[in-house]
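# Examining the three-dimensional arrangement
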Amino acid sequence: MEQSLTQIYDARVHAGQLHADAAQRALLPLLEEVRRGVEAAQPAGRKGLFARFSKAAPEPVKGIYLWGGVGRGKSMLMDLFFATVDAPKRRAHFHEFMQEVQVALHEARKTNVRDALVPVAEDVAANIRLLCFDEMQITDIADAMIVGRLFEMLFARGVTIVTTSNRVPEDLYKNGLNRQLFLPFIDILRDKLDVQEIVSETDYRQNRLEGAQVYFTPIGRDATQTMNRLWDELTGHDEVSRLVLTVKKREVVIPHFHNGVGRASFWDLCGQMLGAGDYLAIADALRVLLLDDIPLLSATNFNEAKRFVTLIDALYEAKVRLICSAADTPERLYVEGEGSFEFERTASRLREMQSLDWARS
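Residues numbered from 1 in each chain as written. Predicted model: local features only at pLDDT ≥ 70, side-chain atom pairs only at ≥ 80, totals over all residues. Heavy atoms only, no water.

## Remarks on the overall build of the chain
- Scanning the chain from N- to C-terminus turns up 15 helices and 11 strands.
- Residue pairs in contact within the chain that sit at least 24 positions apart in sequence constitute 79% of those at least 6 positions apart.
- Carbon and sulfur atoms provide 50% of the accessible area of the chain, an area that totals close to 17,400 Å². (Helix = DSSP H or I, 4+ residues; strand = E, 2+ residues; numbered from the N terminus. Contact = heavy atoms within 4.5 Å. Areas by Shrake-Rupley, 256 points an atom, 1.4 Å probe, with all protein chains shown as cover.)

Rendered as structure tokens:
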């Protein structure tokens, strides 16, 4: 007889692969119900004219919107759930998925179709019953304006959606431009997904950093090796990808990304002409950032230094855990030249951000 998610979870706890967590375990029967429903449902991928004009579209199984703080085990539960569902399925990071949708919309518009979103939704739904998203976050107005209609079309075609997020639905696209146009999407989420908060008191990602040094100087082989080790621990040695954020029609790239953890070099983020809006989008998308090779700052790299100050401000305000390697201690990164006096506040923040209590406050 096929094992339930709870049985699989308990077996892994017994084997020492997982730590028992009552909040995680309480969610497993809900995920199990979705699993059974999706497996029993008729396929959503009916193609051709029948799919377009059939009035008997399959009713999707109600999905789940699982939200909570970083390190609570959301991605682990998604892994467990997704791996066990025996049905046509897809799992994607939300930002990557929306990038694909934007590209597909651009191609569909070339065909002069009346509503470009229709063929895009049909293509997504053609071969899947279950669509799983990691880290649903909406920072781009282009995504915000289409996601509601896209989800409605997917639900109408029998697709079940299960997603994780660091925030309650009402906080998605918070303070975004023309947010009033986005608000109906929140109602859709509440109607079509079972919104559940994971309330575990244990932050497993922070536990990996418990007592760990997070600022490494000087730059060199030892610092790089330590940064690599922390990266492996935080990502679980899983496959990683780029994260591409669209800010005012520009692409902002985090070269390495996995489940809310990003890694980039100083020059990736401060050597390009990025501004406050770009850094706010990065801070909104990440919960941990590994930043490699912060150089000494002076008049020779004044523009890069100004961007670095703006980046640190954004990370600080968003409570993003920063792990970095640098040429010197925070107080000695920028000791002379224009801007050195103003950098004292940034140095203080860099020092404060090394405290575990700061990340938890």
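## Thoughts on the packing of helix α1 (residues 5-14) against helix α2 (residues 22-40)
- In the contact formed by α1 and α2, the axes pass within 8 Å of each other and the chain directions differ by 140°. With respect to α2, the element α1 is oriented oblique. For the pair α1 and α2, contact is made by Leu5, Thr6, Tyr9 and Asp10 and by Gln24, Arg25, Leu28, Pro29, Leu31, Glu32 and Arg35, respectively.
- Of the residues in the contact of α1 with α2, the class split is five nonpolar, two polar and four charged. (Axes fitted to C-alpha atoms, helices over the stretch in contact; angles between N-to-C directions. Parallel < 35°, antiparallel > 145°, perpendicular 65-115°, else oblique. Nonpolar A, V, L, I, M, F, W, Y, C, P; charged D, E, K, R; others polar.)

## Things to note about the nonpolar core
- Judged by nonpolar contacts, the single largest core of 40 residues is most densely connected at Phe97, Leu131, Phe151, Leu154, Ile161 and Phe182.
- Contributing elements (two or more residues each) for this core: β1 (63-67), α5 (94-109), α6 (117-125), β3 (130-134), α7 (141-156), α8 (183-192) and β5 (193-197).
- Ranked by residues supplied to this core, first place goes to α7 with eight residues.
- When residues no more than four places from it in sequence are discounted, the contact partners of Leu131 are Arg90, Phe97, Val124, Leu154, Val159, Thr160, Ile161 and Val162.
- Listed in part, the 39 residues of the second largest apolar core include Leu274, Tyr279, Ile312 and Ala347. (Core = buried A, V, L, I, M, F, W, Y, C linked by side-chain atoms within 4.5 Å. Buried < 20%, exposed > 50% of the residue type's maximum accessible area, 1.4 Å probe, protein only.)

## Thoughts on the sheet that holds β5
- Here we have five strands laid out as an open sheet, ordered β2-β3-β4-β1-β5, and parallel in their pairing. In this open sheet, the two strands that pair with only one neighbour each are β2 (89-93) and β5. Neighbouring strand axes in the sheet, compared pairwise and without regard to direction, differ in orientation by 15° on average.
- The pairing of β2 with β3 spans five bridges and is classified as parallel. Considered in β3, the bridge of Lys89 is made with Leu130.
- Sitting on the sheet, α7 is in contact with β3, β4 (160-165) and β5, with an inclination near 140° to β4. (Pairing = 2+ DSSP bridges.)

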